[in-house]
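What follows is the residue order along each chain.
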Amino acid sequence: MPSEIPADALDAPSAAAPPSIVDLFLAFAGLSLSGFGGVLAWARRMLVENKRWMTAEEFNHLLALCQFLPGPNIVNFCAVFGVRARGVPGALACLTGLLGPSVVLMIAAGTLYRRFGALPKLHGVLSGLAAAAAGMIMATVVKLAEPLFRFRLGPEHAVAIATFVAIGVLRLSLPLVLLVIVPTSIALAWRRTNDK
Amino acid sequence: MTNDSATLAALFLQFAILSFFAVGGGGSAVPEMHRQTVEIAQWLTDRQFSELFAVAQAAPGPNIMFVALLGHFIAGVPGAVVATVAMCGPSCVLAYAVSHVVDRFREARWRIAVQAGLVPVTIGLIAASALIIARAADNNWVGFAITAGTFAFVHWTRLSPLVAFACAALVGLGGFV
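Quick caveat: nothing in here was measured; it's all calculated off a predicted structure. (Residues numbered from 1 in each chain as written. Chains lettered and ligands numbered in written order. Predicted model: local features only at pLDDT ≥ 70, side-chain atom pairs only at ≥ 80, totals over all residues.)

Peer 1: How do you make sense of the overall build of chain B when you look at a structure like this?
Peer 2: Each helix and strand in chain B was counted, giving 7 helices and 0 strands. Along chain B, from the amino end to the carboxyl end, the secondary structure elements read α-α-α-α-α-α-α. By principal-axis analysis of the C-alpha atoms, chain B measures approximately 55 × 45 × 25 Å. Taking as baseline every contact in chain B between residues at least 6 positions apart, the subset at least 24 positions apart corresponds to 59%. (Helix = DSSP H or I, 4+ residues; strand = E, 2+ residues; numbered from the N terminus. Contact = placed C-beta atoms within 7 Å.)

Quick look at the structure:
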């Protein structure tokens, strides 16, 4: 229904003709090996600024949707974008473009690791990288948790800590823990939305 | 390297289940990947897991490609493909199936509550990943110093984390870690 289209979507329409299957594959293949630790930023630049296949608004909505759903965000994003542009073949083109080159790179890296990973020099390099990777995830945790610091200690802090202890310290099964903790956390959040 | 069909089937099943439980993104599944592949199946050691994780982080491309590297280590080229398809396929199908419904209820109270409820769970899971990688990687004070230094670098500067990774690699090359 026309009345449901948000006004700002009309202000900046995305390209009229949807990209072809080949366009989709090539565009996402170009993303595959770009960017370190943040393919999403490159995806935004490519889709919104260069190709103009989406408006900034559309990009943000689809991203929010993919962060809401389980699984790797950029991969889900790619699948839903592809399907909306060119149906299931479009989704497959986007996914093979995004993942294909990376899988090949990982196979090459894995082969080198198997052959040379035990050499003392490389072993040292890998130990250094692993220690750095731990620090980088800690920075991610703090960045994600920053909005929570605005609240006084409350149920959401308890949920985060309980999840950390159950999974990181007690090493319980993820599906089991989530089946208990996710409904609890959603119920607590539901109560908070009521308070507002 | 075991690339018999039983290993591939087990790998596929584990990662396909994980695909649905990776709340907030692929990184949330790292602790369970560790539990399944290192603790239960013992396909690789704690140290190998953390090293492969680091290689995937230092490489370009989506971070989730760690599963391809892990799959390759466990079951060769078929393992890399099976792990990738299993981790990405189910969540993509789910995303496709529900995207219109979820989109329509963007402002609905249940959607806001679900989204808000998942945030602290995601934070707890990523924190658990950090603990698991740090426990395997930080064997001496140099390791701890690299972890702390990288954290500070990524948190307080806007420079590429690759700079921190390069420094960490050099310290490692010197044989200090």
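What follows picks up the thread again.
Peer 1: I'm lost on the overall build of chain A in this one. Help?
Peer 2: Each helix and strand in chain A was counted, giving 8 helices and 0 strands. Its helices and strands in sequence order give chain A the pattern α-α-α-α-α-α-α-α, from N to C terminus. Across the 196 residues in chain A, those meeting the buried criterion constitute 38%. When contacts within chain A are restricted to residue pairs at least 6 apart in sequence, those whose partners lie at least 24 apart make up 50%. (Buried ≥ 20, exposed ≤ 12 C-beta atoms within 10 Å, placed from the backbone.)

Peer 1: Sorry if this is basic, but what is going on with helix α3 (residues 39–50) of chain A here?
Peer 2: For the α-helix, the turn length of 3.6 residues means that residues three or four positions removed from each other point alike. All names here are of chain A. With 12 residues, α3 ought to run about 16 Å at 1.5 Å a step, and its terminal C-alpha atoms sit 15 Å apart, in line with that. Looking only at α3, the buried set comprises Val39, Ala43 and Leu47. Burial along α3 is one-sided: seen end-on, the buried residues are contained in an arc of 50°. The exposed residues of α3 that point more than 90 degrees off its buried face are Ala41, Glu49 and Asn50. Directly beyond the C-terminal end of α3, a positive phi value near 55° is found at arginine 52. (Expected span 1.5 Å × (residues − 1). Arc of directions from axis to C-beta.)

Peer 1: Whenever I open this one, helix α6 (residues 141–156) of chain B confuses me. Can you help?
Peer 2: For α6(B), spanning 16 residues, the distance from its first C-alpha to its last is 22 Å, which sits close to the expected 22 Å at 1.5 Å a residue. Residues of α6(B) that are buried include every one of Gly143(B), Ile146(B), Thr147(B), Thr150(B), Phe151(B), Phe153(B) and Val154(B), and no others. Looking straight down α6(B), one finds its buried side chains confined to an arc of 165°; they lie on one side. Summarising the geometry of α6(B), the exposed residues directed more than 90 degrees from the buried face are Trp141(B) and Trp156(B). Summarising the contacts, the buried residues of α6(B) are in contact with α6 (120–149) of chain A together with α5 (109–137) and α7 (161–173) of chain B.

Peer 1: Teacher, can you tell me more about the nonpolar core here?
Peer 2: Of all hydrophobic cores here, the largest spans 114 residues; its most connected members are Leu129(A), Ala130(A) and Ile133(B). Ignoring any residue separated from it by four or fewer positions in sequence, one finds Ile133(B) in contact with Ala130(A), Ala133(A), Ala134(A), Ile137(A), Ser50(B) and Phe53(B). (Core = buried A, V, L, I, M, F, W, Y, C linked by C-beta atoms within 7 Å.)

Peer 1: How do you make sense of the interface of chain B and chain A when you look at a structure like this?
Peer 2: The accessible area lost on association of the parts is a frequent measure of interface size. Opposite the 92 residues of chain B that make contact, chain A presents 79 residues. Elements with a contribution of two residues or more to the side of chain B that touches chain A: α1 (5–21), α2 (30–40), α3 (46–58), α4 (66–104), α5, α6 and α7 of chain B. Broken down by element, the residue count for the side of chain B that touches chain A peaks at 24 residues, all from α5(B). For the side of chain B that touches chain A, the residue count by class is 60 nonpolar, 25 polar and 7 charged. (Nonpolar A, V, L, I, M, F, W, Y, C, P; charged D, E, K, R; others polar.)

Peer 1: What exactly am I supposed to notice about the environment of Ala164(B) here?
Peer 2: Note that Ala164(B) resides in helix α7. The spatial distance from the C-alpha of Ala164(B) to the C-alpha of Ala80(B) is 28 Å, given a sequence separation of 84 residues. Among all residues touching Ala164(B), those that are not within four sequence positions of it are Ala132(A), Thr150(B), Phe153(B) and Val154(B).

Peer 1: Would you explain the packing of helix α7 (residues 155–169) of chain A against α5(B) in this entry?
Peer 2: What describes two packed helices is the angle between their axes and the distance between those same axes. Look at α7(A) against α5(B): their axes get within 7 Å of each other, and the N-to-C directions meet at 35°. Judged by the twist between their axes, the crossing of α7(A) over α5(B) is right-handed. Between α7(A), through Glu156(A), Val159(A), Ala160(A), Ile161(A), Ala162(A), Thr163(A), Phe164(A), Ile167(A) and Gly168(A), and α5(B), the contact on the second element is made entirely by Pro120(B), Val121(B), Ile123(B), Gly124(B), Leu125(B), Ala127(B), Ala128(B), Leu131(B) and Ile132(B). In terms of residue class, the contact of α7(A) with α5(B) is made up of 14 nonpolar, 3 polar and 1 charged. (Axes fitted to C-alpha atoms, helices over the stretch in contact; angles between N-to-C directions. Left-handed = near helix turned anticlockwise from the far one by under 90°.)

Peer 1: I would appreciate a short explanation of the environment of Ala27(A) in the present structure.
Peer 2: Residues and elements named next belong to chain A. Following the sequence through the fold, alanine 27 ends up in helix α2 (residues 21–32). C-alpha of alanine 27 to C-alpha of glycine 71: the two residues are 44 residues apart in sequence and 22 Å apart in space. Filtering out sequence-adjacent residues up to four positions away, alanine 27 remains in contact with Met46, Lys51 and Gly97.

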